[in-house]
Amino acid sequence: MKAQITETTIQQFVAKVSDHQSAMTGAVLVTSAAQAVALGEACVQISLDNQVDRLNWHEVSRRIEKIARTKENLLHWLDEEMKAIAEHASYLEGNQLFNQQRLCESCVEVSRACITVIKLLAEFRGSAFNRVVDDLEMTINLLIDLADTATALLDKKLQNTLYKNLIEEYQAVRDELKQELRLFRF
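So, a few notes on the structure that sits alongside this text. Predicted, not measured: the structure shown is a model, and the values here were computed from it. (Residues numbered from 1 in each chain as written. Predicted model: local features only at pLDDT ≥ 70, side-chain atom pairs only at ≥ 80, totals over all residues. Heavy atoms only, no water.)

A closer look at the nonpolar core
Ranked by size, the top nonpolar core spans 53 residues in total, and within it Leu74, Val110, Leu121 and Leu143 carry the most contacts. The set of elements that each furnish at least two residues to this core consists of helix 2 (25-50), helix 3 (57-92), helix 4 (100-124), helix 5 (133-160) and helix 6 (164-182). When residues of this core are assigned to their parent elements, the largest contribution, 12 residues, is made by helix 4. Among residues more than four places away in sequence, those in contact with leucine 74 are Val30, Ala33, Ala34, Val37, Val110 and Ala113. (Core = buried A, V, L, I, M, F, W, Y, C linked by side-chain atoms within 4.5 Å. Buried < 20%, exposed > 50% of the residue type's maximum accessible area, 1.4 Å probe, protein only. Helix = DSSP H or I, 4+ residues; strand = E, 2+ residues; numbered from the N terminus. Contact = heavy atoms within 4.5 Å.)

What to know about the environment of tyrosine 170
Its location among the elements puts tyrosine 170 in helix 6. Separated by 19 residues in sequence, tyrosine 170 and threonine 151 have C-alpha atoms that sit 10 Å apart. When sequence neighbours within four positions are dropped, the list of residues in contact with tyrosine 170 reads Gln101, Cys104, Glu105, Val108, Leu154 and Leu158.

Side note on the packing of helix 2 against helix 4
Closest axis-to-axis distance for the helix 2/helix 4 pair is 10 Å, and the angle between their directions is 20°. Relative to helix 4, the element helix 2 lies roughly parallel. Here helix 2 and helix 4 pass one another in a crossing that is left-handed. Contacts between helix 2 and helix 4 involve Leu29, Val30, Ala33, Val37, Gly40, Val44 and Ser47 from the first element and Ser106, Val110, Cys114, Val117, Leu121 and Phe124 from the second. Of the residues that constitute the contact of helix 2 with helix 4, the class distribution is 10 nonpolar, three polar and no charged. (Axes fitted to C-alpha atoms, helices over the stretch in contact; angles between N-to-C directions. Parallel < 35°, antiparallel > 145°, perpendicular 65-115°, else oblique. Left-handed = near helix turned anticlockwise from the far one by under 90°. Nonpolar A, V, L, I, M, F, W, Y, C, P; charged D, E, K, R; others polar.)

Shown next, in the form of structure tokens:
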């Protein structure tokens, strides 16, 4: 059985991206989102560790758990993205049908995951430990940009699809995600 991409080192993943026969935009996007979410998780954990007497341990721990689950979900989507890339390569060679819906769904899931964590981090801003306040803000900005990039990638996928049902299904979702992201733009 072939190893999942999430079982490779960063160096191996970067080499795969640069050596791959097609652009792995979605995979790089998912990886970046998982890393940004991990950074947000670290900011909240550092804040709790340094203010355990000041913060509500149960509430902050629940927040950390939600962020950690989101990170794990993104790693799952990275493996799914890699399967879709392999299917697409096989499709281009004429070997099998290609499920474009998985690529669209991946974009939606990345954007939703980023938005979920943006909300969790934005609500936590006032409780952040002073040493990580700037890191938390940079993480929120990163996640906003990644969610925006995921919706832009979805736009491109919809422009290039021949399946009218995908366009109809995902345009409304895309518009909803863009509307939600506008709330975070200053």
